[in-house]
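# Structural overview
Residue strings, one per chain:
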Amino acid sequence: MTIFASADFDGHEAVHAFYDRATGLQGFVALHSTALGPAFGGCRMWAYDSEDAALGDALRLSRGMSYKNALAELPYGGGKAVIMADGRRVRSPALFEAFGRVVDSLGGRYITAEDVGTSVEDMRVVARMTAHVSGIATGADGGVGGDPSPKTAYGVLQGMRAAVEMAFGRDGLDGLTVAVQGVGHVGFHLCRLLHEAGAHLVVADVAAENTARAAEAFGARIVAPDAILAEDADVLAPCALGGVLDAKSIPELKASVIAGAANNQLATDDDGRRLLERGIVYAPDYAINAGGIIAVAAEHEGETDSAAVHARIGRIYARTMAILERARAEGRPPHEVADIMARERMQLAPQAELVREAVLSDTH
Ligand code: NAD
């Protein structure tokens, strides 16, 4: 196992390996950057095949959080924890208490929250051991913080509105058809918001009960999971897995806009360019799926005004518009512009120049 020579190492400030003898808890906390504030990012629990896979995930995800937090104008850096365990088999309060002690030992340099494989309930157990945890609040309509998925969905809707305006020159989603891949936590909330906005829905999920729920609640049309990407729709919203936009899927897309919640939708950087060449407007994933982190950050800061948090998430519309306008003006794929803007905010100007040079040498 290597860290500094790993392809995923990106000048991370620290990587902590942790182990708890009593519960068998093991994993990593990666702190990518604390330049803008404490490293804020969720805790993933996953049955990794190897230590290398877990470490690689922690390195990539923590870097991603630096970019997401910077672009969302949050006063936080990027970090992420990964617990190496199958959450369906190994799940106990003692394990999450042990994880809480790990977080506490970092003295506030890392703030945790839920992620894939961990829940609000798990984070409440973590909170017995440390104050450096968020995403645990309760309140009417979710209140401030708590479960991030409805907030993420609201942010995605704002990013989608901007991308639709850019692609079709129209305000609002009324009458458009939106294909939603994955109607889990975020996907289902997004379907509700789209339905309220007057959009027609086409959905797919590997879990039939999830699509059935969306069909019943919102009149969504169900298609097979392998058909959703090429579905005849105005907008495609990937809300399941990463890496779905690649050399094979992009030529088959019919949607003019892509705006969804899934992290790392582009399989490679080249795929962002492929979308640009096809004239498809891509709303960068981490720019528009920041609603959840904006809300849990507000909860951590003691914000109690949910309207103010709603408004903060609403700024994703203007932020996405700024990215798309700059991308169009400079003839670049929007994901590259989002990266450059995030790096500018992290004051990583020299690297931003390098990115630009790389981009320019790519195009000539
Ligand atoms: P989730 O697990 O609740 O939902 C994902 C859904 O996708 C599930 O219903 C699953 O059955 C379905 N799915 C899996 N493989 C599929 C396939 N091949 N085709 C169709 N459907 C498939 O997860 P979630 O919390 O809704 O998150 C969705 C995505 O958004 C993830 O990529 C996640 O990383 C990202 N994200 C979530 C949040 C959040 O607040 N939950 C925040 C930022 C980003």
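Residues numbered from 1 in each chain as written. Predicted model: local features only at pLDDT ≥ 70, side-chain atom pairs only at ≥ 80, totals over all residues. Heavy atoms only, no water.

Once that is clear, we can look at the pairing of strand E5 (residues 77–84). Counting buried positions over the eight residues of E5 gives eight, a clear majority of the element. Residue alternation in E5 divides its side chains into two sets, Gly 77, Gly 79, Ala 81 and Ile 83 and Gly 78, Lys 80, Val 82 and Met 84, and both sets are buried. Bridge analysis of strand E2 (residues 26–33) against E5 gives six bridges, and the strand direction is antiparallel. Looking at E5, one finds that Phe 28 is bridged to Val 82. Sheet topology note: the strand E3 (residues 39–40)/E5 ladder contains two bridges and is parallel. Paired with Ala 39 across the two strands is Gly 77, which belongs to E5. In this structure, strand E4 (residues 43–46) lies alongside E5, joined through four bridges in parallel fashion. From the neighbouring strand, Arg 44 faces E5, where its bridge partner is Val 82. (Buried < 20%, exposed > 50% of the residue type's maximum accessible area, 1.4 Å probe, protein only. Helix = DSSP H or I, 4+ residues; strand = E, 2+ residues; numbered from the N terminus. Pairing = 2+ DSSP bridges.)

It is worth spelling out the UniProt feature "binding site: NAD(+)" (unreviewed entry) in the protein chain at this point. The positions UniProt marks with the feature "binding site: NAD(+)" (unreviewed entry) are Gly 182, Val 183, Gly 184, His 185, Val 186 and Gly 187. With respect to the helices and strands, the residue Gly 184 is situated in the loop between strand E7 (177–181) and helix H5 (185–196). Look at Gly 184 and you get partly exposed, because its relative accessible area is 27%. Other than its neighbours up to four places away in sequence, Gly 184 contacts Asp 205 and Asn 210. Looking at the element boundaries, Gly 187 is found in helix H5. Beyond its immediate sequence surroundings of up to four residues, Gly 187 is in contact with Val 180, Gly 182 and Cys 239. (UniProt positions renumbered as here; feature names shortened; annotations may be inferred. Contact = heavy atoms within 4.5 Å.)

A few words now on the site of the ligand. Taken together, 22 residues surround the ligand, and among them Thr 152, His 185, Val 186, Asp 205 and Asn 210 come closest. Contact distances for the ligand include 2.6 Å between an oxygen atom and a side-chain N or O atom of His 185. Within the contact set of the ligand, an oxygen atom lies 3.1 Å away from a backbone nitrogen or oxygen of Ala 240. Secondary-structure elements contributing two or more residues to the shell around the ligand are helix H4 (149–168) and H5. Among the residues forming the shell around the ligand, the class breakdown is 11 nonpolar, nine polar and two charged. (Near = heavy atom within 4 Å. Polar contact = N/O pair within 3.5 Å; in protein donor to acceptor, adjacent residues only side chain to side chain. Nonpolar A, V, L, I, M, F, W, Y, C, P; charged D, E, K, R; others polar.)

With that out of the way, let us pick up the sheet that holds strand E8 (residues 200–204). Here we have six strands laid out as an open sheet, ordered E9-E8-E7-E10-E11-E12, and parallel in their pairing. Every interior strand has two partners, whereas the edge strands, strand E9 (221–222) and strand E12 (281–282), have only one. Bridge analysis of E7 against strand E10 (residues 235–238) gives four bridges, and the strand direction is parallel. Counted as the bridge partner of Val 178 is Val 235 from E10.

What follows deals with the nonpolar core. Counting 67 residues, the largest nonpolar core has Met 160, Val 178, Val 180, Leu 190 and Leu 194 as the members making the most contacts within it. Counting residues per element, this core draws most heavily on H4, at nine residues. Each of two domains, domain 1 (14–136 + 355–363) and domain 2 (149–332), supplies a minimum of three residues to this core. Leu 194 has contacts with Leu 157, Met 160, Leu 173, Val 178, Val 180, Ala 199 and Leu 201, leaving out every residue within four places of it along the chain. Listed in part, the 23 residues of the second largest apolar core include Ala 39, Ala 81, Ala 85 and Met 123. (Core = buried A, V, L, I, M, F, W, Y, C linked by side-chain atoms within 4.5 Å. Domains from an automatic or database assignment.)

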